[in-house]
Amino acid sequence: MLACDASSAHVADNTDCDDSTTLASPGITSETCGDGLDNDCDGASSEDEGCGIAGEIAASDVAYTQYPGSGSTLGQIIRSVGDIDGSGDVDVLVGCYLCPDSSSTGSQRGNAYLFLGPATSSGTTFEDLSNVVTFRPESNGDRLGLGIAGGHDLTGDGVADVVAGARYNDNTSNNAGTGYIFAGPFSAGATHYASAAAVELGGTGNDDFAFGALASIGDVDGDGKNDIVLADKST
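Residues numbered from 1 in each chain as written. Predicted model: local features only at pLDDT ≥ 70, side-chain atom pairs only at ≥ 80, totals over all residues. Heavy atoms only, no water.

Visitor: Would you mind going over the sheet that holds strand E3 (residues 92-96) with me for this structure?
Guide: Note on sheets: strands pair through backbone hydrogen bonds, and any given pair is parallel or antiparallel. An order of E2-E3-E4-E6-E10 is seen for the five strands of this open sheet, with the pairing classed as mixed. The open sheet has two free edges, formed respectively by strand E2 (77-80) and strand E10 (191-193), since each of these has just one partner strand. Sheet twist, expressed as the mean angle between neighbouring strand axes with direction ignored, is 20°. Here E3 pairs with strand E4 (residues 111-115) via five bridges, running antiparallel. If you follow valine 92 over to E4, its bridge partner there is phenylalanine 115. (Pairing = 2+ DSSP bridges. Helix = DSSP H or I, 4+ residues; strand = E, 2+ residues; numbered from the N terminus. Axes fitted to C-alpha atoms, helices over the stretch in contact; angles between N-to-C directions.)

Rendered as structure tokens:
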């Protein structure tokens, strides 16, 4: 008989409620708001246990960030991805599909940004923040960040990943669109490039505009692997 070590997402008995992710385990003592998982394996998800914001909150009390330029579209698309870096704080994925390659170069390339919690900075442009992970596209006009999602393990290594869509990418056909799965873990200050993504998924025809909208939806078909859903224009 050969002995082997279990991965970090597994336990030695049947108390682990989700073997596909390290974000759900009976060893976790509290729920992470917004990730849709039963983090502590007590039978109730974060939504069932009252996570969320209630009452009135003054705008002056909210931590915020902004892009140093006009027309960038930063913040038009926002996704809560739970505690994707395992720090105990909820993280946020933000699309900026008309952002240039940097604050001054590139044409409608688009970027996606993972803001790692806690959100403590206020009135600061995002380029000055130390808790941001940047995801960049392949080409001008790709508009990466129209579709963004994260929080589930999509590559099978037990670590949560990020998926970002570039609706106007031309890798397979003109404006076919491409989706990129960026493999976690993620570190603050890092930049990940689409050309080095763990998985690349392409549209099938001209003007498909695939991956302009997408979501990471967990294991829908019950095969033990997490799934994504996406939109395209093909008929």
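Visitor: In this structure, what is going on with unusual backbone geometry? I would like to understand it.
Guide: For residues that are not glycine, phi is negative in most cases, and the peptide bond is trans in most cases. Of note, the bond from glycine 184 into proline 185 is cis; its omega dihedral lies within 30 degrees of zero at 5°. Inspection of the secondary structure assignment puts proline 185 in the loop between strand E9 (178-182) and E10. For cysteine 41, which is not glycine, the phi torsion reads 60° and is therefore positive. Here cysteine 41 is to be found in the segment before strand E1 (65-66). Assessed through its relative accessible area of 18%, cysteine 41 is described here as buried. Here the phi dihedral of arginine 143 falls at roughly 60°; this positive angle occurs in a residue that is not glycine. Locating arginine 143 in the fold gives a position in the loop between strand E6 (132-136) and strand E7 (144-150). For arginine 143, a relative accessible area of 22% gives the class partly exposed. (Buried < 20%, exposed > 50% of the residue type's maximum accessible area, 1.4 Å probe, protein only.)

Visitor: Hey, could you run me through the sheet that holds strand E8 (residues 162-166) in this one?
Guide: One open sheet holds the four strands; their spatial order is E7-E8-E9-E11, and the pairing between them is antiparallel. Of all the strands in the sheet, just E7 and strand E11 (199-202) have a single pairing partner and so form its edges. Taking each pair of neighbouring strands and ignoring which way they run, the sheet shows an average axis angle of 20°. Bridge analysis of E8 against E9 gives five bridges, and the strand direction is antiparallel. Looking at the pairing, valine 162 lines up with phenylalanine 182 of E9.

Visitor: When you look at the layout of surface pockets in this model, what are you seeing that I'm missing?
Guide: Unoccupied space between atoms shows up once a probe the size of one water molecule is rolled over them. In this model, the second largest pocket occupies a volume close to 250 Å³. Lining the second largest pocket are 18 residues, with Leu23, Thr32, Asp83, Gly86 and Gly88 positioned closest to its centre. In terms of residue class, the lining of the second largest pocket is made up of seven nonpolar, six polar and five charged. (1 Å grid on protein atoms, 1.4 Å probe; cavity = no way out; pocket = protein on both sides within 12 Å on 5 of 7 lines; lining within 4 Å. Points joined across faces, edges and corners; volume = space filled by probe spheres on them. Nonpolar A, V, L, I, M, F, W, Y, C, P; charged D, E, K, R; others polar.)

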